[in-house]
Each structure stands twice: as structure tokens, then as C-alpha cells.
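Structural overview
The lines below spell out each chain.
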Amino acid sequence: MTSAVDEGRRAVPSILRGQKALVTGANSGIGKATAIGLGRAGADVVVNYVSGGEAAEEVVEEIKSFGVRAYAYEADVSQEDQVVAMVARMVEEFGTIDIMVANAGLQRDAAITEMSVAQWQKVLDVNLTGQFLCAREAAKEFLRRGVVPEVSRSAGKIVCMSSVHQIIPWAGHVNYASSKGGVLMMMQTLAQELAPKGIRVNAVAPGAIRTPINRSAWDTPEAEADLLRLVPYRRVGDPEDIANAVTVLASDLLDYVVGTTIYVDGGMTLFPGFATGG
Ligand code: NAP
């Protein structure tokens, strides 16, 4: 007997068949679900990680079970030489890249009076410079190769993993919120610059998703109840909620979507405090 989940998996159309995708930070949380989602939709996938190699290999095995190619690649996205080498290896291995999902990210939280320059810089380096480097290297290959109509209507897709904190200020997290605010303007500027060349740049902005990055916000009933006050739809999101949005956004189904952020947040950006106040 097959479960509803199995049925659902089989029902996913191969909307990315023949495309080559790279997902950064793909051994955990949202990146992992996204890499698996892209593979299930027919793409060959590079699973980037920086420290968790074993977990990355497990993701690779799951992706390969869909009959597509995958391999894991260690690189720190904040290091220019490592990102350059990662994309060059992908072009060698898979021939090209069609989809770059710049997902890797981290938090180093502190009140402003306690935040060190190292904490500030680390978050900016990974969350913003890392996405810039990944977008730049992908764009070079998209431009070199151009449109291949049998594969996709566009010359390439860049999906930036942003956050609701690209527009919602977040006390105690000034480094993180600033990095995501930067991602918004970087994404829009790159979209404006690259759209005439057939490249689509967009972002997905998750709300509260159940992953290791924010464990303390959901791992006790009290914390989860507190968190859900901020979510009109009253559930914490799953990594697959984000993976589904990225998969469709990267496909030709959304070929006319350029320079946009898709918020996947259960309504967190609807200013829920105003439902009863104001
Ligand atoms: P996560 O489970 O902690 O995953 C973070 C990933 O980033 C890991 O795979 C980690 O790899 C990787 N990473 C960290 N530093 C890296 C570096 N220098 N180079 C390459 N990879 C690096 O967190 P997540 O929730 O899935 O977060 C993924 C993205 O979603 C982030 O950009 C985050 O800001 C965004 N986001 C998450 C939420 C949420 O509620 N979870 C909400 C909004 C936005 P290793 O394990 O190898 O270190």
C-alpha cells in the first residue's frame, strides 16, 4: 500500500528535467530540502556544505534515488577562491549550471552593545558576500552558455535565500537583518542588470521554518506558542514549504517572474500585531 506522501512524491512533475542546479548549505534544513526537491523535479544537483560532509553525502544518496546525478562539494561561500573552484568543478562535471540557489546562511546574535566586529563581519561575509560570489560565478557561466531552448526559456536562474527580515527589523540581530536587507537590494539590482541577458534573479523569503538555525524558537511548547503569535496561519513552516517555492520559481512555470521576492511565511509579513491592535 502506498502512503499519501508517496503518492505526492510521484505526482511531482519533472519540471526541471535536464537542468543542473547548485544549492549552497544543502546538508541541513532548508538547503537540504531544496536540493532534494530540485532532484525530485528532475535536476542534477551539487550539494554544497562547509562542515557537515556526512550529512551532505546522505542528501546526495537521496537525490540519486530519483535517477538524477548528484555529488557533494565542500566550500566556504564567503571565500572567493572556493566559490570560483566550486562552480568551475560543476561545469567540468555537469557541463554547465542552470540554477544557483544561494541558500547558505547563519546567525551570530547579540545586542548591539555586545556585538563584536567578528560577529558582524561573519554574518555579512556568509549571508551577503557569499550570495554575491555565488551569483557572480553563476552569471558568468549563464552568459557564456546562453539560452538552450530545449532546457529552459532563460539563460539561467539565481534564487537568493532571503528572510522576512529583509523587511522586518529584528532587535538583537542587527547583523542578520542587515545582511538580508542587503540581499533584497542585491537581488533586485542583479535582476535589473541581468534580465536583458535572459537571466532571472529572484528571492525566496522564509518566515519561521523548523530548522537547526532557530531551534530555540520552536523546541519547547512555550517557545513555539510564543513564535506562533507572529504567524497568522498558526503553524511553523517545514523546509519543504520553501523547497516547493524554490522548485517552481526556478522552473519555466514562473519564467516571467523577475526581480521578485516570494514570501513563504504563513503571513508573518502581514503585521499580525495589527489584527487586534492599532
Ligand atoms: P541551517 O539548517 O542551520 O543550515 C544552514 C546551512 O548553511 C548549513 O548547511 C551550513 O553548512 C551552511 N553554511 C553555513 N555557513 C556556510 C559557509 N560559510 N559556506 C557554505 N555553507 C555554509 O539553517 P536554515 O534554516 O536551513 O537556513 C538556510 C537559509 O535560510 C539561511 O540563509 C537562513 O538565513 C534562511 N532562513 C531561514 C529561516 C528559518 O526559519 N529557518 C528563516 C528565514 C531565512 P554546514 O552544516 O556544513 O556548516
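Described in the following lines is the structure provided in the data block. (Residues numbered from 1 in each chain as written. Predicted model: local features only at pLDDT ≥ 70, side-chain atom pairs only at ≥ 80, totals over all residues. Heavy atoms only, no water.)

So, the overall build of the chain
In plain terms, the rule: Each helix is a run of DSSP H or I of at least 4 residues and each strand a run of E of at least 2, with the numbering of both proceeding from the N terminus. In this setup the radius of gyration rests on C-alpha atoms only. A globule is expected at 2.2 Å times the number of residues raised to 0.38. Note on classification: 1.4 Å probe, protein chains only; a residue is buried when its accessible area is under 20% of the maximum for its type, exposed when over 50%, partly exposed between these limits.
A count of helical and extended segments in the chain gives 8 helices and 7 strands. Relative to its length of 278 residues, the chain is compact, with a C-alpha radius of gyration of 18 Å against a globular reference of 19 Å. With respect to the three principal axes, the spread of C-alpha positions in the chain is 55 × 50 × 40 Å. Per-residue burial for the chain yields a buried fraction of 50% across its 278 residues.

Things to note about the site of the ligand
Note the following rule: Definition of nearness: a residue and a molecule or strand are near each other if at least one heavy atom of the residue lies within 4 Å of the molecule or strand. We call two N or O atoms a polar contact when they sit within 3.5 Å, provided that within protein one can donate a hydrogen and the other can accept it, with sequence-adjacent residues counted only if both atoms are side-chain atoms. Computed with the Shrake-Rupley method and a 1.4 Å probe, the accessible areas treat only the protein chains shown as cover for residues. Classification convention: Asp, Glu, Lys, Arg as charged; Ala, Val, Leu, Ile, Met, Phe, Trp, Tyr, Cys, Pro as nonpolar; all other residues, Gly among them, as polar.
Taken together, 32 residues lie near the ligand, and Asn-27, Ser-28, Ser-51, Tyr-176 and Thr-211 sit nearest. Contact between the ligand and Asp-76: a nitrogen atom at 2.8 Å from a side-chain N or O atom of the residue. Taking Lys-180, its side chain carries an N or O atom lying 3.0 Å from an oxygen atom of the ligand. Surface burial for the ligand is 90%, taken as the share of its 900 Å² of free accessible area covered by protein chains. Sorting the residues of the shell around the ligand by element identifies helix H2 (29–40), strand E2 (44–49) and helix H6 (174–194) as the ones contributing at least two each. Residue classes in the shell around the ligand are distributed as 16 nonpolar, 14 polar and 2 charged.

Re the side chain of Gln-166
Just so we agree on the cut-off: Should any heavy atoms of two residues lie within 4.5 Å, those residues are considered in contact.
As for its position among the elements, Gln-166 is in the loop between strand E5 (156–161) and H6. Gln-166 gets classed as buried once you look at its relative accessible area, which sits at 7%. A distance of 2.8 Å separates the side chain of Gln-166 from the side chain of Ser-162, its partner in a polar contact. Looking at Gln-166, its side chain comes within polar contact range of the side chain of Tyr-263, at 2.9 Å. Those residues in contact with Gln-166 that lie beyond four places of it in its chain are Lys-180, Gly-181, Leu-184, Ala-205, Thr-261 and Tyr-263.

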